[in-house]
Amino acid sequence: MQDPNEDTEWNDVLRAKGILPPKKEKEITEDDIIGMIENTIEQKQNQGKDLAKMGLDELDELEDSEDEAVLMEYRNKRIAEMQALASKAKFGSVLEISGQDYVEEVTKAGPGIYVVLHLYSRGVPFCSLINQHMSQLAVLFPATKFIKAIATTCIPNYPERNLPTIFVYYEGQMKKQLVTCEELEYMLGQTKAIESSITED
């Protein structure tokens, strides 16, 4: 007579029909689990090679390949970061618009885009100063869209006493209105239109 615990097709058929009792599974102990984990770790680390049996050249080669893998992973990560920044850096200069361009350039600027609009007049000295500063900021922060417009072309009868005026928009919604010329970079940083290192007013 055959052993009922033996692994054979015949015994499997008899178990399936209920003639033989189900085969008892081997109980896995905690020591078995620890042993399996340690073996797996050792195989992964050594890639199937015993470090004690490796020569100096083989160990150097293994170390070099590990270093190369780490450097390649870091390189790929940096390339991805740089590509993400480059995809956001669309602007880099100050665009002059009129009232007709306002909706297209400001309200419909696009998702995830900050727009900084400077309303100015040629006769106001502070406006010239803001325009110069915005030109510098546009180069430093090319992901932000910097726009300037003569105030009366965008808003008819806009009072000159309110100039310079700066509006900050994000995805077509106004985030802040600034009627000042001092510490422009700080205020733009506070509205998150640019990433400024200036933290105090």
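Structure's up top.
Below you will find a few notes about this structure. Quantities reported herein were computed from a predicted structural model and do not represent experimental measurements.

### Topic: the nonpolar core
General note: in soluble globular proteins, nonpolar side chains tend to be found buried as a group.
Argument step 1. If you look at the biggest cluster of nonpolar residues, it comprises 18 residues, and the most contacted ones within it are V115, L117 and L119.
Argument step 2. Those elements that provide at least two residues to this core are β2 (114-120), β3 (145-150), α6 (151-154) and β4 (165-170).
Argument step 3. Of all the elements, β2 adds the most residues to this core, at 4 residues.
Argument step 4. Leave out the neighbours within four places in its chain, and L117 touches I97, Y102, I147, K148, A149, T165, I166, F167 and Y169.
Argument step 5. I130, M134, I166 and Y186 belong to the second largest nonpolar core, which has 16 residues in total.

### Things to note about unusual backbone geometry
Note on backbone geometry: most residues besides glycine have negative phi, and most peptide bonds are trans.
Argument step 1. Going from L163 to P164, the amide bond is cis rather than trans, its omega being 0 degrees.
Argument step 2. When you line up the elements, P164 lands in the loop between α6 and β4.
Argument step 3. Within the chain, E171 stands out as a residue other than glycine whose phi angle is a positive 50 degrees.
Argument step 4. Assignment of secondary structure puts E171 in the loop between β4 and β5 (173-178).
Argument step 5. Residue E171 is classed as partly exposed on the basis of its relative accessible area of 41%.
Argument step 6. Of note in this structure, K192 is not a glycine but carries a positive phi near 70 degrees.
Argument step 7. Examined against the element boundaries, K192 turns out to sit in the segment after α7 (184-190).
Argument step 8. The class of K192 is exposed, set by a relative accessible area of 61%.

### Examining the pattern of salt bridges
Argument step 1. According to the stated counting rule, one finds 4 salt bridges in the structure shown.
Argument step 2. R15 is paired through a salt bridge with D12; the nearest N and O atoms lie 3.0 Å apart. Taken together, the positions of R15 and D12, both in helix α1 (residues 9-16) and 3 residues apart, correspond to about one turn of that helix.
Argument step 3. For D12, a relative accessible area of 43% corresponds to the partly exposed category.
Argument step 4. As a salt-bridge pair, E81 and R78 come within 2.7 Å of each other at their nearest N and O atoms. Here E81 and its partner R78 are both found in helix α3 (residues 56-88), 3 residues apart, which amounts to about one turn of the helix.
Argument step 5. What makes E81 partly exposed here is its relative accessible area of 35%.

### Digging into the pairing of β3
Argument step 1. Sheet topology places strand β1 (residues 94-96) next to β3; 3 bridges connect them, and they run parallel. In the strand pairing of β3, V94 is matched with F146.
Argument step 2. As paired strands, β2 and β3 are joined by 6 bridges and run parallel to one another. When the sheet's bridge partners are listed, L117 is paired in β3 with I147.

### A few points about a negative patch on the surface
Argument step 1. Judged by side-chain charge, D57, E58, D60, E61, E63, D64, D67 and E68 come together as a negatively charged surface patch.
Argument step 2. Note that D60 resides in helix α3.

### Topic: the packing of aromatic side chains
Argument step 1. Scanning all chains against the criterion turns up 3 aromatic pairs.
Argument step 2. A ring pair is formed by Y102 and Y169, whose centres lie 6.2 Å apart and whose planes are at 75 degrees; its orientation type is edge-to-face. In this pair, Y102 is assigned in helix α4 (residues 102-107) and Y169 in strand β4, connecting sequence segments 67 residues apart.
Argument step 3. Accessibility expressed as a relative area gives 22% for Y102, which makes it partly exposed.
Argument step 4. With relative accessibility at 6%, the residue Y169 sits in the buried group.

Basis of the calculations
Residues numbered from 1 in each chain as written. Predicted model: local features only at pLDDT ≥ 70, side-chain atom pairs only at ≥ 80, totals over all residues. Heavy atoms only, no water. Core = buried A, V, L, I, M, F, W, Y, C linked by side-chain atoms within 4.5 Å. Buried < 20%, exposed > 50% of the residue type's maximum accessible area, 1.4 Å probe, protein only. Helix = DSSP H or I, 4+ residues; strand = E, 2+ residues; numbered from the N terminus. Contact = heavy atoms within 4.5 Å. Salt bridge = Lys/Arg side-chain N within 4 Å of Asp/Glu carboxyl O. Pairing = 2+ DSSP bridges. Patch = residues over 30% accessible without salt bridge, like charges linked within 9 Å, V, L, I, M, F, W, Y side chains within 5 Å. Areas by Shrake-Rupley, 256 points an atom, 1.4 Å probe, with all protein chains shown as cover. Lys, Arg positive; Asp, Glu negative; His and termini not counted. Charge placed at Lys NZ, Arg CZ, Asp CG, Glu CD. Phe/Tyr/Trp six-rings, centres within 6.5 Å; stacked < 30°, edge-to-face > 60°.

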